[in-house]
Amino acid sequence: MSSHLDRFRAFCQTASFWQGKLAGVQQFQLSNFDFSHLADSSHSLVLPNIPVDTVLGKRAEFFFQFCVEQSSNYELLVANEQIFQGKTTLGELDYILLERSTGQLIHVELVYKFYIYEPGKIHDSSNLSERQNHELSAYVGPNRRDYFIKKMDHLISHQLPLLGRQETALRLAKLGIPVTNIKQQVCFLAHVFIPRSAWQNDFPFLNKKCIVGYYMDEFAFAKAKTTNLYFLLEKKEWKIQPESLQVELSHENALERVTESLRRGFAPMLWMQLPDKSFERFFVVAAV
């Protein structure tokens, strides 16, 4: 069973969805953090105490804050600060960081996603070019209830503009933080799964380091019978590197569990261990 340390290491290895800027939004890379002073003491780090039932996105928030606090080059000034207009919640600022060497303040919004690449649908966006809109519409959640463009538009139209509201300026002023010189960036981390037939695709606008596996529908999985071992993942383990787990499944047993999970509306992630002891990581999604 994976530990908090395994999951933290996996979080730190997650790639940004894009590199540089997309639609004017600058990425904040996890590689910005300087942990060199921890090289000889990482085994003694006291990781955040994360409740067992904490959802994946909230776990990412714990780990990002831990990264800031352990880094030598950033200081955490604000975390998960809610902004109100009277009794109405306008939104939440994820983080405001101080870059120690320059004194620069940075407002960072954190996003942690799992997507499959499924071309076909177009989701309109006023923030992306026609080419970007056409390509980026293909990135959807494994359960198809979430998609990249919806999240990107929400960032650009709601989450980032929150910093410019008068209510935010007043709240930050009470914390001693001026809003006049704050840069805005997004730490948009993602694991992307593609069709096996698409490995040679160009994938414009995507940081290809995000591609970590493939996906197939339930009927393709039913036909892809092998004698390999399969492991069905809890969602909190989705981001870690594949390894042998306690519960080993045959293809027949895995298919039963996959079918049951899809019946409940959840696309499962599996690891398949090959004869050479290496692993493949994939989602099984509902057929369309």
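One can find the structure itself at the top, above this paragraph.
Residues numbered from 1 in each chain as written. Predicted model: local features only at pLDDT ≥ 70, side-chain atom pairs only at ≥ 80, totals over all residues. Heavy atoms only, no water.

1. Overview of the overall build of the protein chain
Going by this rule: Helix and strand labels come from DSSP, where a helix needs a run of H or I of at least four residues and a strand needs a run of E of at least two; each type is numbered from the N terminus. A radius of gyration in this sense is built from C-alpha atoms; the matching globule rule multiplies 2.2 Å by the number of residues raised to 0.38. Burial here depends on accessible area, computed with a 1.4 Å probe over protein chains only, as a share of the maximum for the residue type. Under 20% is buried, over 50% is exposed, and the range in between is partly exposed.
Each helix and strand counted, the protein chain has seven helices and 11 strands in total. Since a compact globule built from 288 residues should have a radius of gyration of about 19 Å, the 21 Å found for the protein chain is in line with a globular shape. Judged by the C-alpha coordinates and their principal axes, the protein chain covers about 60 × 50 × 40 Å. Residue burial in the protein chain is summarised as follows: out of 288 residues, 48% are buried.

2. Section: the environment of proline 51
To be explicit about the condition: The contact rule is simple, with two residues in contact once any of their heavy atoms fall within 4.5 Å.
Positionally, proline 51 belongs in the loop between strand 2 (25-27) and helix 2 (56-70). Residue classification places proline 51 among the partly exposed positions, given a relative accessible area of 42%. Ignoring sequence-local partners within four residues, the contact set of proline 51 consists of Arg59 and Phe62.

3. A word on helix 5 (residues 166-174)
Stated formally: Arc, as used here, means the arc of the directions from the helix axis to the C-beta atoms.
Among the residues of helix 5, those classed as buried are Glu167, Thr168 and Leu172. Down the axis of helix 5, the buried side of the element spans an arc of 125°, and every buried residue falls inside it. Opposite its buried face, helix 5 presents the exposed residues Gln166, Leu170, Ala173 and Lys174, each directed more than 90 degrees away. In this structure, the buried side of helix 5 is in contact with strand 3 (74-85), strand 4 (88-99) and strand 7 (182-195). A positive backbone phi angle near 80° is found at glycine 176, which sits one or two residues after helix 5.

4. As for the pattern of salt bridges
Rule in force here: For salt bridges, the criterion is a side-chain nitrogen of Lys or Arg within 4 Å of an Asp or Glu carboxyl oxygen.
All told, the structure shown has nine salt bridges when counted by the stated rule. Between arginine 171 and glutamate 81 there is a salt bridge, with the nearest N and O atoms lying 2.6 Å from each other. Within this pair, whereas arginine 171 is found in helix 5, its partner glutamate 81 is found in strand 3, the two being separated by 90 residues in sequence. Using a relative accessible area of 31% as the deciding quantity, one classes arginine 171 as partly exposed. Residue glutamate 81 is classed as buried on the basis of its relative accessible area, which comes to 15%.

5. Overview of the environment of alanine 286
Counting through the fold element by element, alanine 286 comes out in the segment after strand 11 (279-285). C-alpha separation for the pair alanine 286 and tryptophan 271, spaced 15 residues apart in sequence, amounts to 18 Å. When residues no more than four places from it in sequence are discounted, the contact partners of alanine 286 are Arg144, Asp217, Glu218 and Leu262.

6. Observations regarding the side chain of glutamate 61
So the rule is basically this: A 3.5 Å cut-off defines polar contacts: any pair of N or O atoms within that distance qualifies, except that in protein one atom must be a possible hydrogen donor and the other a possible acceptor, and neighbouring residues in sequence count only when both atoms are side-chain atoms.
Assignment of secondary structure puts glutamate 61 in helix 2. The buried category is assigned to glutamate 61, whose relative accessible area is 19%. Looking at glutamate 61, its side chain comes within polar contact range of the side chain of lysine 58, at 3.0 Å.

7. Some thoughts on the pairing of strand 8 (residues 211-217)
Quick reminder of the rule: A strand pair is defined by DSSP finding two or more bridges across the two strands.
The buried count for strand 8 comes to five of seven residues, which makes it a mostly enclosed element. Pairing between strand 7 and strand 8: four bridges, direction parallel. Following the sheet pairing, isoleucine 194 is matched in strand 8 by tyrosine 214. Examined bridge by bridge, strand 8 and strand 11 share four bridges and lie parallel to one another.

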